[in-house]
Amino acid sequence: MTFEDLGLAPELMRAVVDQGYETPTPIQRMAIPLALEGKDVLGRAQTGTGKTAAFMLPILHRLRGGEGTRALILCPTRELAIQVAEAAREYSAHTELLVHVVYGGTPVHKDVRNLKAGYDVLVATPGRLIDHLERGNADLSALEVLVLDEADRMLDMGFRPQIDAILRHVPKKRQTLFFSATLPNSVKSLAYDILHEPESVEAAPQTTTAEGVVQFVYPVERARKTDLLLQLLERPGMDSVLVFSRTKFGADRILQQLQRAGISAAVMHGDRDMKQRVRALEDFREGKIRVLVATDVAQRGIDVEGISHVVNYDVPQDPEGYVHRVGRTARAGETGEAISLMSPGEIGDVRAIEMHMGTNLPRVEVPDFSFNDVDEETVSIREEPAAKRRGRRTIGSRSGAELSPEELKRILDVGGA
Ligand code: AMP
């Protein structure tokens, strides 16, 4: 199927060509025809599958020629809201349609001017939108299409009351498009409440990662992870690297160590204010920094083309989290590499991921860093010895490694991102 087959308006087809999209992604092939028919859609798709265009193109097609705020896209985070609005502006570049975005952390009065100016598509985070609805700054009475993007994330972040409140301002007769990477019961119940006879579409089963990603596990003592990361960053092709840390504290510490080694890097986590987060993402997107260190909460909205490597400095504890993180590279048909640094204490987490995906991830043993975690079924690659030996080699007992006070503090700092 080609984009021509979808029957989108010529001005939208021009935008698709501008974007360089050649063929629709699977979620676009499935969702666009249904959305164009006016159906409600329940889409199981994660970021990186092309889901934004899957809902935005049919919305823009539908809205051509009318007036008033007729589409609302609710997003869990500011980062995602900014990216969705950016995509909407690009896709609507050859139309008269106007897109606005509102999110928390910015002065309310600035939004008001924009809201009063009139717009066709509003992208919003739930908290800020409720603020505006309660103050009478926004009017959703003419709404035709409501989109919930990353619904699972919104519920994780506790937005159900805000979503319910927003629904009271929205006409009952409307089209609703609902996207979520996972479908736990809380999400199904929300979907049941707000969708009308929906058609289900699924981008890819949750257990799979994009085809173009090659994935490796590097066994390494916990205390030597940073040294290994620095060595990996010396390799050619490590141009745009997203590093995941489980904690804010850990993320800050990795940042410091990278900067000390002269590597351009920035950090993104919940303690950074909006301006700092947007700036970090922009710098990463524009290639001004090579490495972006992020926590899981911050990573959801990261949509940057050309991420060459995802490095799991800490192995994620839930397998779906792994699939999400790895989904940041090799987006929409590109190629990329995902590297997980596995300490002896994380062997079980890696095994859980392997079980979830139904495949074994090859181990790469770097001399001086690796400990022995190779069973018969696991492919193991032994790398050439490093030119320089760095520090003392610690061969791991699998569980009894002694923790430094700093490490202990890091482990205890698991409260949030
Ligand atoms: P999303 O899942 O919406 O976050 O999209 C992920 C990335 O895929 C974005 O950078 C889009 O610009 C890109 N993309 C969306 N649709 C296509 C397509 N049909 N072909 C190539 N890239 C696409």
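Residues numbered from 1 in each chain as written. Predicted model: local features only at pLDDT ≥ 70, side-chain atom pairs only at ≥ 80, totals over all residues. Heavy atoms only, no water.

K.L.:
Could you give an account of the overall build of the chain, naming the residues involved and the relevant values?
P.N.:
Across its full length, the chain carries 16 helices and 15 strands. Per-residue burial over the chain gives 55% buried out of 417 residues. Just so you have it, the chain exposes about 18300 Å², and 49% of that area is on carbon and sulfur atoms. (Helix = DSSP H or I, 4+ residues; strand = E, 2+ residues; numbered from the N terminus. Buried < 20%, exposed > 50% of the residue type's maximum accessible area, 1.4 Å probe, protein only. Areas by Shrake-Rupley, 256 points an atom, 1.4 Å probe, with all protein chains shown as cover.)

K.L.:
Tell me about the environment of D239, residues and numbers included.
P.N.:
Along the polypeptide, D239 turns up in the loop between α10 (225–233) and β9 (241–244). Note: C-alpha distance between D239 and G306 (67 residues apart in sequence) is 9.0 Å. Apart from residues no more than four positions distant in its own chain, D239 is found in contact with R290 and S308. (Contact = heavy atoms within 4.5 Å.)

K.L.:
Could you give an account of the site of the ligand, with specific residues and numbers?
P.N.:
Y21, Q28, G48, G50 and T52 are the nearest of the 16 residues found near the ligand. Backbone polar atom of G50 to an oxygen atom of the ligand: 2.7 Å apart, as the coordinates give it. Here an oxygen atom of the ligand sits 2.6 Å away from a polar atom, N or O, in the side chain of T52. Protein contact buries 88% of the 500 Å² of open area that the ligand shows by itself. Looking at which domains feed residues into the shell around the ligand, each of domain 1 (3–202) and domain 2 (213–412) supplies at least three. (Near = heavy atom within 4 Å. Polar contact = N/O pair within 3.5 Å; in protein donor to acceptor, adjacent residues only side chain to side chain. Domains from an automatic or database assignment.)

K.L.:
Mind laying out the packing of helix α5 (residues 108–117) against helix α6 (residues 126–135), listing which residues take part and the relevant values?
P.N.:
The angle between the axes and the distance between the axes are what describe a pair of packed helices. Following both chains from N to C, one finds α5 and α6 inclined at 65°, their axes separated by 11 Å at the closest point. What the angle tells us is that α5 and α6 run roughly perpendicular. Handedness of the α5/α6 crossing: right-handed. Residue-level contacts link V108, D111, V112 and L115 of α5 to R128, D131, H132 and R135 of α6. Classifying every residue of the contact of α5 with α6 by side-chain character gives three nonpolar, one polar and four charged. (Axes fitted to C-alpha atoms, helices over the stretch in contact; angles between N-to-C directions. Parallel < 35°, antiparallel > 145°, perpendicular 65-115°, else oblique. Left-handed = near helix turned anticlockwise from the far one by under 90°. Nonpolar A, V, L, I, M, F, W, Y, C, P; charged D, E, K, R; others polar.)

K.L.:
Which residues make up the pattern of salt bridges, and what values go with them?
P.N.:
For side chains of opposite charge, pairing can occur when their charged atoms come near one another. Under the criterion given, the structure shown has 22 salt bridges. A salt bridge links R70 to D120; the nearest nitrogen and oxygen atoms lie 2.6 Å apart. With R70 in the loop between α3 (51–63) and β2 (71–74) and D120 in the loop between α5 and β4 (121–124), this pair connects stretches of sequence that are 50 residues apart. Here the two residues R70 and D120 agree in accessibility, since each one is buried. Across the salt bridge formed by K288 and D283, the nearest N and O atoms sit 4.0 Å from each other. Residue class for K288 comes out exposed when judged on its relative accessible area of 55%. The buried category is assigned to D283, whose relative accessible area is 14%. By sharing partners, the salt bridges in this structure join R279, D283, E286 and K288 into a single network. (Salt bridge = Lys/Arg side-chain N within 4 Å of Asp/Glu carboxyl O.)

K.L.:
Report on the sheet that holds strand β7 (residues 199–202), specifying residues and quantitative values.
P.N.:
The parallel open sheet is built from seven strands, whose spatial order is β3-β4-β2-β5-β6-β1-β7. Both outer strands of the open sheet, β3 (99–102) and β7, are each paired with one neighbouring strand and no more. Ignoring which end each strand starts from, the neighbouring axes of this sheet average 15° apart. Pairing between strand β1 (residues 41–44) and strand β6 (residues 175–180): four bridges, direction parallel. Bridge pairing in β6 links L42 to F178. (Pairing = 2+ DSSP bridges.)

K.L.:
Any details on the nonpolar core? Residues and values, ideally.
P.N.:
In terms of nonpolar packing, the biggest core is built from 46 residues, with F55, L57, I59, I73, V123 and L177 touching the most fellow members. Leaving out residues up to four positions away in the same chain, L177 has contacts with A35, K39, V41, F55, I59, V145, L146, V147 and L148. Counting residues in each nonpolar core, the second largest holds 31 residues, with A138, I166, F178 and I194 among its members. (Core = buried A, V, L, I, M, F, W, Y, C linked by side-chain atoms within 4.5 Å.)

K.L.:
Give a description of helix α12 (residues 274–285) that names residues and reports values.
P.N.:
Given a rise of 1.5 Å per residue, twelve residues ought to cover 16 Å, and the 16 Å separating the end C-alpha atoms of α12 matches this to within 8%. For α12, the full list of buried residues reads M274, R277, A280, L281, D283 and F284. Of the surrounding elements, those touching the buried residues of α12 are α4 (78–91), β9, β10 (265–268) and β11 (291–294). Of the residues flanking the end of α12, it is G287, one or two places downstream, whose phi is positive at about 80°. (Expected span 1.5 Å × (residues − 1).)

K.L.:
Go over the pairing of β10 with me, naming the residues and quoting the values.
P.N.:
Across the two faces of β10 the burial is the same, with A265 and V267 and A266 and M268 all buried. Relative to β11, β10 is paired through four bridges, and the arrangement is parallel. When the sheet's bridge partners are listed, A265 is paired in β11 with V291. The handedness of the β10 to β11 crossover, carried by α12, is right-handed. (Right-handed = clockwise from strand over helix to strand, strands pointing away.)

K.L.:
Kindly report on unusual backbone geometry, identifying the contributing residues and their values.
P.N.:
Look at E150: it is not a glycine, yet its phi comes out positive at around 50°. Inspection of the secondary structure puts E150 in the loop between β5 (145–148) and α7 (151–156). By relative accessible area, E150 is classed as buried at 4%. The residue D368 is not glycine, and still its phi comes out positive at about 85°.

K.L.:
I'd like to hear about helix α14 (residues 319–326), residue by residue, with values.
P.N.:
Burial analysis of α14 places seven of its eight residues in the buried class, the great majority of the element. Within α14, burial applies to P319, G321, Y322, V323, H324, R325 and V326.

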